Amino acid sequence: MKVVAFKRELQGSGASRRLRNSGQTPGIIYGGTEAPVTIALDHNALYHALKKEAFHASILDLEIDGKVQKVLLRDFQMHAYKQLVLHADFQRVTASEKLHVKVALHFVNAETSPAVKLGGAVITHVLNEIEIECLPADLPEFITVDLSNVEVGNSVHVADLTMPKGVTAVTHGNDLTVATASIPAGQVAADDEAAAEEPKK
């Protein structure tokens, strides 16, 4: 994905406010062997790009003055109640250096799992993203969580996930729970009540 930016000479809150008033968003590029560079980006283009999941977990081609750099979106700040991006941070990416980045989880096959199909359970997503480590070339847009074999009362943990080639989950020593399958409390009560009302043979 490509992002076009412009070098920003003036800094400070006043300069940033004037920039936003003109339809641009201040930002910064840092990392690698070069010094940090303050930039300005088109606000509307950035705002719509941030709505795309891939923009948050892809190596981006950031063009400044005709020169393209490989970067990763590291952070952004939104206005408390306006649809306004206040600032964006990008980190330079080196092909030989591993990245630590959070990527989204995509849950599939819940409706065909024994827990849902046979047990009437509800799958609860405990995590929506996980931290991974990989080289830039191996960076996935998302990690797939296959729920097809989940039974009632069971959970899916990070260790159960199939990671793409070259990708390692960063769990800091904890095998985190990703999803659980459980019968809704109201359903359990209704089943118990129905069982109690059945005539004894």
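Scroll up to find the structure.
Residues numbered from 1 in each chain as written. Predicted model: local features only at pLDDT ≥ 70, side-chain atom pairs only at ≥ 80, totals over all residues. Heavy atoms only, no water.

K.L.:
Tell me about the sheet that holds strand 10 (residues 142-146), and name the residues and values.
P.N.:
Strand order in this open sheet of 4 strands is 10-7-9-12, and the pairing throughout is mixed. The sheet is open, and its two edges are formed by strand 10 and strand 12 (168-169), each paired on a single side. In this sheet, strand 10 lies alongside strand 7 (residues 99-108) in parallel orientation, the contact comprising 5 bridges. Residue pairing across strands places A104 opposite F142, the latter belonging to strand 10. (Pairing = 2+ DSSP bridges. Helix = DSSP H or I, 4+ residues; strand = E, 2+ residues; numbered from the N terminus.)

K.L.:
Can you lay out the sheet that holds strand 8 (residues 122-125) for me, pointing to particular residues and giving the numbers?
P.N.:
Taken together, 3 strands build an open sheet; the order of strands is 8-13-11 and the sheet is antiparallel. At either end of the open sheet lies a strand with only one pairing partner, and these are strand 8 and strand 11 (155-157). Adjacent strand axes in the sheet meet at a mean angle of 15°, parallel and antiparallel pairs treated alike. Taken together, the 3 bridges between strand 11 and strand 13 (residues 177-182) define a ladder with antiparallel strand orientation. Pairing of S155 across the sheet is with T180, part of strand 13. (Axes fitted to C-alpha atoms, helices over the stretch in contact; angles between N-to-C directions.)

K.L.:
Kindly report on the nonpolar core, identifying the contributing residues and their values.
P.N.:
Nonpolar side chains tend toward joint burial in soluble globular proteins. The biggest cluster of nonpolar side chains holds 25 residues, and the ones touching the most others in it are I132, L139 and L161. Per-element accounting of this core gives the leading share, 4 residues, to strand 7. Not counting residues within four places of it along the chain, the set of residues in contact with L139 comprises A57, S58, I59, L72, L99, V101, V103, I132 and C134. I29, A49, A88 and F90 belong to the second-largest nonpolar core, a separate cluster that totals 18 residues. (Core = buried A, V, L, I, M, F, W, Y, C linked by side-chain atoms within 4.5 Å. Buried < 20%, exposed > 50% of the residue type's maximum accessible area, 1.4 Å probe, protein only. Contact = heavy atoms within 4.5 Å.)

K.L.:
I'd love a proper account of the pattern of salt bridges, names of residues and values included.
P.N.:
Applying the stated criterion across every chain yields a total of 2 salt bridges. We note a salt bridge from E63 to K2, for which the minimum N-O separation is 2.7 Å. Of the two residues, E63 sits in strand 4 (residues 60-64) while K2 sits in strand 1 (residues 2-7), which places them 61 residues apart along the sequence. (Salt bridge = Lys/Arg side-chain N within 4 Å of Asp/Glu carboxyl O.)

K.L.:
Any details on the pairing of strand 9 (residues 129-134)? Residues and values, ideally.
P.N.:
In summary, the side chains of a regular strand alternate between the two faces of the sheet. The alternating pattern of strand 9 places I130, I132 and C134 on a buried face, while none of E129, E131 and E133, on the opposite face, is buried. Across 6 bridges, strand 7 lies against strand 9 in antiparallel orientation. Looking at the pairing, L99 lines up with C134 of strand 9. Across 2 bridges, strand 9 lies against strand 12 in antiparallel orientation. When the sheet's bridge partners are listed, I132 is paired in strand 12 with A169.

K.L.:
Account for the layout of surface pockets, with residues named and values stated.
P.N.:
Estimates place the volume of the largest pocket at around 260 Å³. Around the largest pocket, the lining is made up of 14 residues, and of these H56, A57, V101, K102 and E129 lie nearest the centre. Put simply, the parts of the chain that give the lining of the largest pocket at least two residues each are helix 3 (53-56), strand 5 (67-78) and strand 7. Of the residues in the lining of the largest pocket, the class split is 6 nonpolar, 2 polar and 6 charged. Size it by volume and the second largest pocket reaches roughly 180 Å³. Lining the second largest pocket are T144, V145, D146, S148, N149, V150, S155, V156, D160, L161 and T162. With 3 residues, the top contributor of residues to the lining of the second largest pocket is strand 10. (1 Å grid on protein atoms, 1.4 Å probe; cavity = no way out; pocket = protein on both sides within 12 Å on 5 of 7 lines; lining within 4 Å. Points joined across faces, edges and corners; volume = space filled by probe spheres on them. Nonpolar A, V, L, I, M, F, W, Y, C, P; charged D, E, K, R; others polar.)

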